[in-house]
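# Secondary and tertiary structure notes
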Amino acid sequence: MSSVDRQMMSRALQLAAKGRFTSSPNPSVGCVIAIADQVVAEGYTRPAGGNHAEIEALQAGADVTGGTAYVSLEPCSHQGKTGPCADALIAAGISRVVIACEDPNPEVAGAGIEKLKQAGVEVQVGLLDDQARESNKGFIKRYEQGTPWVTVKMAASLDGRTAMASGQSQWITTPASRADVQRLRAASCAIITGIGTQLMDDPSLTVRITNTDVGVEDQLRQPLRVVVDGQLQMSPQARLLQQPGDTLIATLDGAEQRDKASALIAAGAEVVFLSALGQHIDLQALLLTLAERGCNQVLVEAGAGLAGGFIAEGLLDELVCYWAPKLFGHTARPMFDLPIETIDAHLALSVEDIRQIGEDIRVTLRPDKDY
Ligand SMILES: [Zn+2]
């Protein structure tokens, strides 16, 4: 494939990034249509129920007969709320389609490519495949593994402490970091916290920035708020139940929990009863439940116990740490409750990104595969 092809696909990936806050449960896809190396139309996935990227580009009104379409994910072949995009590309007279990566959705999974080929369209697959997979890491993981992409966010002092021994913890980092966390929230389908954090901080867990703050056209949504609360200790007066958007409380299945649930349901929460793993909620079961609801990406904003639980159970995909240039001392609380006994059992991470945000340092890390 030529350098023009790479350039066009890079543009399609830039467009895909515009839908990343709003496309879920759909993947965020970008589409560029070119004729004789000139872009004639482009589009990206609009919020669920709206147009897919290819339809957006085709509806721009240009004559695309004989053109090449560059799409960051395989065009769909099934009749969902819209589409199928493969049919629309064929009908518009597109003669060549360059695809970055195949759609893992079993309803598509190669069928879009097959449809195009059968209609005589030239198809090439794999250009900038890695970047395309990265741009839809949550969607792809949900289809390939049945669980969402899990990002654990943690704010800590330089000595790795998140709260004083008393539990006092607010405002470790600066406003710049907190604004950055808002972007993480906005890109997430769900925010997961634990009952300890809920009782201590009574957080809202809402997105308080708007689409213009992140430079996209479509309105941002409130991610689903999830509270992991095994004994169902949460109060129906909790602040997060009074916020726009939905709240789901995950608890253990027991008579006591069944009794307490009705007051929380009356306060607007949804309560799900999950199986136990040891003394705690099976977090893998929680993730499966969230994937069934179309959550591609979840953000864990919790204390040492729950954050450590996700890591200890091998469920971590990405860790985002905000380090404040402060020392809290050795009696303050650690970042994670993690039962690591020997040096050989340490968890190795790779640094994906490191940057200064205001006074703080943000480090994005991923665990080595299959940790
Ligand atoms: Zn489509």
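### Details of the pairing of strand 17 (residues 349–357)
Bridge analysis of strand 17 against strand 18 (residues 360–367) gives eight bridges, and the strand direction is antiparallel. Considered in strand 18, the bridge of V351 is made with L365. Taking the residues that link successive antiparallel strands as the turn, the strand 17-strand 18 hairpin has two residues, and the phi of G358 there is positive, at about 60 degrees.

### Thoughts on the sheet that holds strand 6 (residues 149–157)
Spatially, 11-10-9-8-14-6-15-18-17 is the arrangement adopted by the nine strands of the open sheet, whose pairing is mixed. Among the strands making up the open sheet, the edge pair consists of strand 11 (270–274) and strand 17. Taken over all neighbouring pairs, the strand axes of this sheet differ in orientation by 20 degrees on average, direction set aside. Note that strand 9 (residues 224–228) and strand 10 (residues 247–252) share four bridges and pair parallel.

### Points about the pairing of strand 6
Burial runs high along strand 6: nine of the nine residues are buried. Side chains of strand 6 alternate between two faces, with W149, T151, K153, A155 and S157 and V150, V152, M154 and A156 buried alike. Alignment of strand 6 against strand 15 (residues 318–324), held across seven bridges, turns out to be parallel. Opposite T151, over in strand 15, you have E318 as the bridge partner.

### Description of the nonpolar core
Within the largest apolar cluster, 37 residues are counted, with the highest numbers of intra-cluster contacts made by M9, I33, V97 and L116. It is helix 1 (residues 3–18) that contributes the most residues to this core, five residues altogether. Residues contacting V97, with those up to four places away along its chain left out, are A69, V71, P75, L89, L116, V121, E122, V123 and Q124.

### Considering the pattern of salt bridges
What the rule picks out here adds up to 20 salt bridges. For D87, the salt bridge is made with K115, and the minimal N-O distance between the two is 3.2 Å. Remark: K115 occurs in helix 4 (residues 111–118) and D87 occurs in helix 3 (residues 85–91); sequence separation between them is 28 residues. For E134, the salt bridge is made with R366, and the minimal N-O distance between the two is 2.7 Å. Here E134, found in helix 5 (residues 129–135), pairs with R366, found in strand 18; they are 232 residues apart in sequence, far enough to count as distant. One connected set of salt bridges, linked through shared partners, spans R46, E56, E217 and D218.

### Let's talk about the packing of aromatic side chains
Scanning the model with the defined rule gives one aromatic pair in all. Just above the ring of F273 sits the side chain of R258; from NZ or CZ to the centre is 3.8 Å.

### Brief notes about the domain arrangement of the protein chain
According to the domain assignment, the protein chain contains domain 1 (3–136) and domain 2 (146–367). The largest contributions to the domain 1 side of the interface with domain 2 come from F21, T22 and S24, which together make up 48% of the buried area. Inspection of the region where domain 1 meets domain 2 yields three salt bridges. As a salt-bridge pair, D218 and R46 come within 2.9 Å of each other at their nearest N and O atoms. Where domain 1 packs against domain 2, one counts six residue pairs in polar contact (both at pLDDT 80 or more). Tallied by class, residues from the side of domain 1 that touches domain 2 come to four nonpolar, four polar and four charged.

### With respect to the packing of helix 10 (residues 283–292) against helix 11 (residues 304–312)
Contact geometry for helix 10 and helix 11: axes closest at 10 Å, N-to-C directions at 85 degrees. The orientation of helix 10 with respect to helix 11, classified from their angle, is roughly perpendicular. Taken together, the residues of helix 11 that come into contact with helix 10 (itself represented by L283, L286 and L287) are L306, G309 and F310. For the contact of helix 10 with helix 11, a count of residues per class yields five nonpolar, one polar and no charged.

So, how was this worked out
- Residue numbering note: each chain is counted from 1, following its sequence as written.
- Local features in a predicted model are, by the rule used here, given only for residues with pLDDT of at least 70; side-chain atom pairs are given and counted only at 80 or more, and totals for whole chains, interfaces and linings are based on all residues.
- The side-chain figures draw on all heavy atoms in the structure; neither hydrogens nor water molecules are used.
- Pairing between two strands requires that DSSP report at least two bridges joining them.
- Put simply, DSSP H or I for four residues or longer makes a helix, DSSP E for two residues or longer makes a strand, and each gets a number counted from the N terminus.
- To get an axis, a line is fitted to the C-alpha atoms, and for a helix only the part in contact is used. The angle between two axes follows their N-to-C directions and goes from 0 to 180 degrees.
- Note on exposure labels: buried denotes an accessible area under 20% of the residue type's maximum, exposed denotes more than 50%, and partly exposed covers the range between, all computed with a 1.4 Å probe on protein chains only.
- Residue types Ala, Val, Leu, Ile, Met, Phe, Trp, Tyr and Cys, when buried and joined through side-chain atoms within 4.5 Å, form a set referred to as a nonpolar core.
- Throughout, a contact is declared for two residues whenever any of their heavy atoms are within 4.5 Å.
- One speaks of a salt bridge when a side-chain nitrogen belonging to Lys or Arg is within 4 Å of a carboxyl oxygen belonging to Asp or Glu.
- Only centres within 6.5 Å qualify two rings of Phe, Tyr or Trp (six-membered ring in Trp) as a pair; their planes then separate them into stacked at under 30 degrees, edge-to-face at over 60, and tilted for everything else.
- Two thresholds decide whether a charge sits over a ring: the Lys NZ or Arg CZ must be within 6 Å of the ring centre and within 35 degrees of the ring normal.
- Domain borders in the structure are assigned automatically or taken from a domain database.
- Joining two parts hides part of their accessible area as seen by a 1.4 Å probe, and the buried area is that hidden amount summed over both.
- Polar contacts, as counted here, are pairs of nitrogen or oxygen atoms within 3.5 Å of one another; within protein the pair requires one atom able to donate a hydrogen and one able to accept it, and residues that are adjacent in sequence qualify only if both atoms are side-chain atoms.
- Each residue is assigned to one class: nonpolar for Ala, Val, Leu, Ile, Met, Phe, Trp, Tyr, Cys and Pro, charged for Asp, Glu, Lys and Arg, and polar for all the others, Gly among them.
- Oblique is the label for every angle not falling under 35 degrees (roughly parallel), over 145 degrees (roughly antiparallel), or within 65 to 115 degrees (roughly perpendicular).

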